[in-house]
Amino acid sequence: MPVTASTPIELIDEVYGRLPERVEIGRERLGRGLSLAEKILFNHLADAEGQGLDRGHSYSELFPDRVAMQDATAQMALLQFMTAGLPQVAVPSTVHCDHLIQAYEGAARDLLAAEETNQEVYDFLRTVSAKYGLGFWKPGSGIIHQVVLEQYAFPGGMMIGTDSHTPNAGGLGMIAIGVGGADAVDVMVGQAFGVRWPKLIGVHLTGEMSGWTSAKDIILKVAEILTVKGGTGAIVEYFGPGTETISTTGKATVCNMGAEIGATTSLFPYDDAGALYLKSTGREAMADAASRVMEHLRPDDDVLSNPGACFDEVIEIDLSTLEPHINGPHTPDLARPVSKMGADAKENGWPLEISSALVGSCTNSSYEDITRAASLARQASAKGLTVKTPLLVTPGSERVRATIERDGLLADLEAIGATVLANACGPCIGQWKRDDVQEGDVNVIVNSYNRNFPKRNDGLASTLAFVTSPETVIAYALSGTLDFNPLTDSIDGVKLEPPVGEVIPSRGFESGEEGFLAPPADGSSVEVKVDPSSDRLQLLEPFPAWDGNDYIELPVLLKAQGKCTTDHISAAGKWLKFRGHLENICQNLFLGVVNAFTGQAGEGRCIVHGEVESFPDIARHAREADVSWVAVGDENYGEGSSREHAAMEPRYMNGKVIFARSFARIHDTNLKKQGMLGLTFSDPATYDEIREDDKISVLGLADLAPDTPVQCRITHADGSTVDFEATHTMSHEHIEWFKAGGALNVIRAKKGDS
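As the structure is a computational prediction, the values presented were derived from the model and not from experiment.

K.L.:
A description of the overall build of the protein should follow, citing residues and the corresponding values.
P.N.:
When helices and strands are counted, the protein shows 25 helices and 28 strands. Across its three principal axes, the protein shows a C-alpha extent of roughly 75 × 60 × 55 Å. Counting all 754 residues of the protein, 64% fall into the buried class. For the protein, the exposed surface amounts to about 25,300 Å²; the carbon and sulfur share of it is 47%. Of the side-chain charges in the protein, 63 are positive and 104 negative, and the distance between the mean point of each set is 1 Å.

K.L.:
Please provide a residue-by-residue account of the packing of helix α14 (residues 367-382) against helix α17 (residues 470-479), values included.
P.N.:
Where α14 contacts α17, the two axes come as close as 8 Å, and the packing angle between them is 25°. In terms of axis orientation, α14 runs roughly parallel to α17. Of the two elements, α14 crosses α17, and the hand of that crossing is right-handed. Contact residues: D369, R372, A373, L376 and A380 in α14; P470, E471, I474 and L478 in α17. Class assignment of the residues belonging to the contact of α14 with α17 gives a composition of six nonpolar, no polar and three charged.

K.L.:
Which residues make up helix α10 (residues 272-280), and what are the values?
P.N.:
Restricting attention to buried positions, one finds in α10 the residues G274, A275, Y277 and L278. Down the axis of α10, the sector holding all buried residues measures 165°, keeping them to one side. The inward-facing, buried residues of α10 abut α6 (144-151), α9 (248-256) and α11 (284-292). Downstream of α10 by one or two residues, G282 has phi in the positive range, about 80°.

K.L.:
So what's going on with the pattern of salt bridges? Residues and values would help.
P.N.:
Following the criterion strictly, the structure yields 36 salt bridges and no others. Between K673 and D183 there is a salt bridge, with the nearest N and O atoms lying 3.1 Å from each other. Taken together, the residues K673 in helix α22 (residues 665-673) and D183 in helix α7 (residues 181-188) connect sequence positions 490 residues apart. Where E471 meets R372, a salt bridge forms, and the shortest distance between an N and an O atom there is 2.5 Å. Of the two residues, E471 sits in helix α17 while R372 sits in helix α14, which places them 99 residues apart along the sequence. Several salt bridges share partner residues, and in doing so they unite E24, R27, K39 and D300 into one network.

K.L.:
Just give me the short version of the sheet that holds strand β4 (residues 135-137), but keep the residues and values in it.
P.N.:
Read across the open sheet, the six strands follow the order β6-β5-β2-β3-β4-β19; overall the sheet is mixed. Of all the strands in the sheet, just β6 (175-178) and β19 (516-517) have a single pairing partner and so form its edges. Of the strand pairs in this sheet, strand β2 (residues 66-70) and strand β3 (residues 93-96) are connected by four bridges, and their pairing is parallel. Across the sheet, the residue bridging to V67 is S93, located in β3.

K.L.:
Please set out the packing of helix α8 (residues 215-226) against α9 residue by residue, giving values where relevant.
P.N.:
Contact geometry of α8 with α9 gives a least axis separation of 8 Å together with a crossing angle of 20°. When the axis of α8 is compared with that of α9, the two are roughly parallel. Crossing of α8 over α9 shows right-handed handedness. In this structure, α8 contributes A215, K216, I218 and I219 to the contact, and α9 contributes G250, T253 and V254. Its residues assigned to classes, the contact of α8 with α9 shows four nonpolar, two polar and one charged.

K.L.:
Could you give me a rundown of the nonpolar core, with the residues and numbers involved?
P.N.:
Counting residues in hydrophobic clusters, the biggest one holds 181 residues, and the most contacted among them are Y16, L78, M188, L391 and F590. Among residues more than four places away in sequence, those in contact with F590 are L557, L558, H568, I569, G602, F615, W629, A631, Y637 and P650. In terms of nonpolar packing, the next biggest core, distinct from the first, is built from 26 residues, Y238, M257, L319 and V467 among them.

Thresholds, definitions, all that
- Every chain's residues receive numbers from 1 upward, in the order its sequence appears when written.
- Restriction of local features to residues with pLDDT of at least 70 applies here, the model being predicted, together with a cutoff of 80 or more for giving and counting side-chain atom pairs; totals for whole chains, interfaces and linings are based on all residues.
- In computing side-chain values, all of the structure's heavy atoms are included and hydrogens and water are not.
- Helical segments are the DSSP runs of H or I of at least four residues, strand segments are the runs of E of at least two, and each set is numbered from the N terminus.
- Exposure is judged per residue with a 1.4 Å probe applied to protein chains only, and the accessible area is read against the type maximum: over 50% gives exposed, under 20% gives buried, and values in between give partly exposed.
- Surface exposure here means Shrake-Rupley accessible area, sampled with a 1.4 Å probe, where a residue is shielded only by the protein chains that are shown.
- Counted as positive: Lys and Arg. Counted as negative: Asp and Glu, with His and the chain ends omitted from the count.
- Taken as the charge centre is NZ of Lys, CZ of Arg, CG of Asp or CD of Glu, depending on the residue.
- Axis angles are defined between N-to-C directions and span 0 to 180 degrees, where every axis is a line fitted to C-alpha atoms and, for a helix, only to the segment in contact.
- Throughout this description, any angle smaller than 35 degrees is read as roughly parallel, any larger than 145 degrees as roughly antiparallel, any in the 65 to 115 degree range as roughly perpendicular, and the remainder as oblique.
- Two helices cross in a left-handed way if the nearer one is turned anticlockwise from the farther one by less than a right angle. They cross in a right-handed way if the turn is clockwise.
- Pairs of residues are marked as contacts when any of their non-hydrogen atoms sit within 4.5 Å.
- Think of it as three bins: nonpolar holds Ala, Val, Leu, Ile, Met, Phe, Trp, Tyr, Cys and Pro, charged holds Asp, Glu, Lys and Arg, and polar takes everything else, Gly as well.
- Arc definition: directions from the helix axis to the C-beta atoms.
- For salt bridges, the criterion is a side-chain nitrogen of Lys or Arg within 4 Å of an Asp or Glu carboxyl oxygen.
- Strand pairing is assigned whenever DSSP identifies at least 2 bridges connecting the two strands.
- We define the nonpolar core as a collection of buried residues of types Ala, Val, Leu, Ile, Met, Phe, Trp, Tyr and Cys that are connected through side-chain atoms lying within 4.5 Å of one another.

Following this line, the structure appears as structure tokens:
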């Protein structure tokens, strides 16, 4: 099936054609009605009649309809795909150039600078896409998740994407799951996508939002309730009458930020708002096809009447009473209503002055978001107000940018002092060149993004980032202080009226610059060049297979204290330029991790030389000396993005095992894909037993088996020992990956045999 700038109706007809039969199989097997998530899962199962259905335990094999990759993660994914020996991808796949554009001077200049700086990488992604049959979206086309929502997402479909915020497409009733590059390779070579049969969390929405409250406040509230790990292993499904009062892009906002609670994905039922959005984005045939199977694109009636029989947990939210929220700093689940922000800041000694305000990102850059923000800007401008802190605005796509420019909304924002950035991720992922503050300058930023870990937005640990809705960001930018409640307070004597917005532009969407390059019908003659001397790209060599021996007395390279997200393990920002070069990006390994033995970030005692060194240097010395090692994490190790570099780097540097009190889902899978062991302490208190100069053994690896604990031993420097158990989530297939040295080695072996 050719790859185009939209999802072919033939693919959708195929999915819908089998949907009624698959739904009936699911009802018969479960003996009840199905949630929307269950309907979509059954429709994409490799074996709908034989699949194990033990939630959180059974491994399922699914065949997604498509794959999407952003430019930072696509490099490593496609370098891996190139080693598989296939002439083209087996499912429709696209690459979106949105991560490598640094925000600094404004849209036009930043885009030109990115094209010049990243030409080698863009050329690689363009030619490798052409050779293997992928669609390519050029820099400036927009953020991957907004483009997918506008062009590819469809109700009842299933996709995977090499970005943790892929669930954005759940706003259109699609199961969309963020994965590492190796998972994407599996699907692109025609294999099934494996994931544990998920738990289900239902969020029952009643009432209707009004005034300052927006869809962003729903997920900020859910994050408070579930925390950053409460959704792990679960699909979050929103249902109830309140869902019908939310726009498609508002629903996408909620699903997008579901990544911050660890959810496998999130989704809403398909409804009239979804049909309106499809038609407004030129997909009338898709809307008509979905309407014909509408009954299967929503939960069954008995699920709605008795949700407790279907969902493992049900959360109730009354939209009519939901207040605007602002979450942070340092974690997206530290929530409070805006009415309490000023008091919280004073109590914690946080600066009240706001150093920057930022609107946009894949979470909040839709037409509706910008119209609500611009309505406040028009009020302010009419009263003579301008922003009291720099205000940066990022449109989500070229289609949105062209439309808001035509409708005067960019001019409204610029009139109060906003700077418009390129259609890209920008500061949300650390692609922000700041000149106004330095490391150590404690400062506050307020944004409409999704993730606010230390160093996330500007590379500075001293920046305190708070996440809220676009309209609330505008209010804070105009006031210049956290000690402000837009619902009650005035700015220089001006009381802002609540924002108003348009769900769909009354004059329709502009098409904007196309930005899409379709692959040729035959790409076999396309040459993909990787310069051996490049510092941006590096061809991959297979990781070595397991040697058949237990891991005996491996030194502890690090023990992490507190949060150890993928940003801590392998930072983004300036390091994005090395995402296609495994050896070079290893220079950032564990730089953000706080050493539990010293309280210092990014450094520890070398396991080879005994001197205090940076973690990347320690790992490099271990690799050079052929010293294998383990690392120890705390709760929810690997929380955050889908970047598989956080698993590939330890593997490349001779790491063998990561121990933790618990793991985030995507990172746990990424470790397996690369042939590393991710082991969870059976007793969380074992974490406290581990000392800096300890050595850890992992025993009985020849008998490694699903659902069977692994026996381990700590050997202290004085020779005393502590035996402990660790659990794992490996299936028989995952154990095969471990023994082979990684999932790709298994794929290569199978292709070689064929």
